[in-house]
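Each chain, letter by letter, is given below.
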Amino acid sequence: MATDSSSSTLTHIIHLPNQPGQPVPVVAAAGVSGSDFRNAIESSLFQQWLKNIQTETGMLANGAMSLSQVLIQGVDMFGKRVGFLKFKADVVDKETGQKVPGIVFARGPAVAVLILLDSDGETYAVLTEQVRVPVGRLILELPAGMLDADKGDIVGTAVREVEEETGIHMNLDDVIDLTAFLEPSTGCKVFPSPGGCDEDISLFLHRTEVDKGIIQQLQGKQMGLRDHGEFIKVHVVPYKNLWRMTADAKALMAIALYEMAKRDGLLPSLRD
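Note that the coordinates shown come from a computational prediction; the quantities given were computed from them, not determined experimentally. (Residues numbered from 1 in each chain as written. Predicted model: local features only at pLDDT ≥ 70, side-chain atom pairs only at ≥ 80, totals over all residues. Heavy atoms only, no water.)

Caption draft 1: Spatial organisation of the overall build of the protein chain. Tallying secondary structure elements over the protein chain gives six helices and 15 strands in all. Considering only C-alpha atoms, the protein chain reaches an extent of 70 × 40 × 30 Å along its principal axes. Expressed as a percentage of its 272 residues, the buried residues of the protein chain come to 42%. Long-range contacts, defined as pairs at least 24 residues apart, comprise 57% of the intrachain contacts of the protein chain with a sequence gap of at least 6. Of the roughly 14500 Å² that the protein chain leaves accessible, carbon and sulfur atoms contribute 52%. Taken as two groups, the 25 positive and 35 negative side-chain charges of the protein chain have centres that lie 4 Å from each other. (Helix = DSSP H or I, 4+ residues; strand = E, 2+ residues; numbered from the N terminus. Buried < 20%, exposed > 50% of the residue type's maximum accessible area, 1.4 Å probe, protein only. Contact = heavy atoms within 4.5 Å. Areas by Shrake-Rupley, 256 points an atom, 1.4 Å probe, with all protein chains shown as cover. Lys, Arg positive; Asp, Glu negative; His and termini not counted. Charge placed at Lys NZ, Arg CZ, Asp CG, Glu CD.)

Here is the structure:
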């Protein structure tokens, strides 16, 4: 990491194979400490973003655009790792010379699980009610969690998050990756807000038969890791009503993937 002595600006230079002879300065905004700046550059969030822009479908792939600078604006640490990262990338369209929108909130990959419980001829979906400060509301949503990108244990994270948020124990073999049915060109992930956030989500399905008593036990159950600030209440709703009962994008995307996969016969053991 280099420092611009004239302005005391923390600067790091990166070299991208897609831009030979055009080094890219990564600069710290005012208020970003040296340790936070170093953590940001070395984080899996930033390194993955650099990989993404250079892939076959990346924005630098065909040479029509170039990256001239990155400004690190904010870093939130989750223990010893970077949890959230905010930066601004100056990406220029070479033909017009105009910048494209480049403000990035990086939080990395996540997982969510559509849990369907069959009981007495009715299918139910399991939701969690959580306090979501960014929207200032309580939201009914699928059990979900962030993935530690350094480990990459997607299925294991899905199973763990479901147990932490609902108390339902699943084996690794009990889940089906719904996003795996997407075309490989999509990356087999869904992007809920690509205009401002890098988050990609893997959506899974878990469907099983249970006694009516299990439905009653789950309804209103208090869950979550309180020492992590999680205050979760479990809700069990008829699956046929799910699409009208939640504003959670994860749930609505999972419904779409599940119904289309079922329509196309990709879930033979779950046909109904």
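Caption draft 2: View of the packing of aromatic side chains. On inspection of all chains with the given rule, the structure shows six aromatic pairs. Centre to centre, the rings of Y239 and Y258 are 5.8 Å apart; their planes meet at 80 degrees, and the pair counts as edge-to-face. With Y239 in the loop between strand 15 (232-238) and helix 5 (242-245) and Y258 in helix 6 (residues 249-263), the pair connects residues that are 19 residues apart, well separated along the chain. Note on Y239: relative accessible area 14%, which makes it buried. On the accessibility criterion, Y258 (1% relative accessible area) is buried. Three or more aromatic residues joined by ring pairs make a cluster, and in this case those are F46, W49 and F87. (Phe/Tyr/Trp six-rings, centres within 6.5 Å; stacked < 30°, edge-to-face > 60°.)

Caption draft 3: Here's a closer look at the layout of surface pockets. Estimates place the volume of the second largest pocket at around 970 Å³. Lining the second largest pocket are 34 residues, and of these W49, N52, I53, F191 and D198 lie nearest its centre. Elements supplying a minimum of two residues to the lining of the second largest pocket: helix 2 (44-52), strand 5 (81-93) and strand 7 (103-106). Per element, the largest residue contribution to the lining of the second largest pocket is five residues, and it comes from helix 2. Of the residues assigned to the lining of the second largest pocket, the class counts are 18 nonpolar, 13 polar and three charged. (1 Å grid on protein atoms, 1.4 Å probe; cavity = no way out; pocket = protein on both sides within 12 Å on 5 of 7 lines; lining within 4 Å. Points joined across faces, edges and corners; volume = space filled by probe spheres on them. Nonpolar A, V, L, I, M, F, W, Y, C, P; charged D, E, K, R; others polar.)

Caption draft 4: Highlighting unusual backbone geometry. In the Ramachandran plot, D120 falls in the positive-phi region, its phi being about 50 degrees despite a non-glycine side chain. For C188, which is not glycine, the phi torsion reads 55 degrees and is therefore positive. The topology assignment puts C188 in the loop between strand 12 (176-177) and strand 13 (201-209). On the basis of relative accessible area, C188 is assigned to the partly exposed category, the value being 21%.

Caption draft 5: A look at the nonpolar core. Grouped together as the largest cluster of nonpolar side chains are 28 residues, with contacts concentrated most on W49, L67, I72, L85 and F87. Counting residues per element, the ones that place at least two in this core are strand 2 (9-14), strand 3 (24-28), helix 1 (34-42), helix 2, strand 4 (65-78), strand 5 and strand 7. In contact with I72, other than residues within four places in its own chain, are V26, V27, A28, A29, V32, F37, A40, L85, K86 and F87. (Core = buried A, V, L, I, M, F, W, Y, C linked by side-chain atoms within 4.5 Å.)

This is a description of form; function is not addressed.
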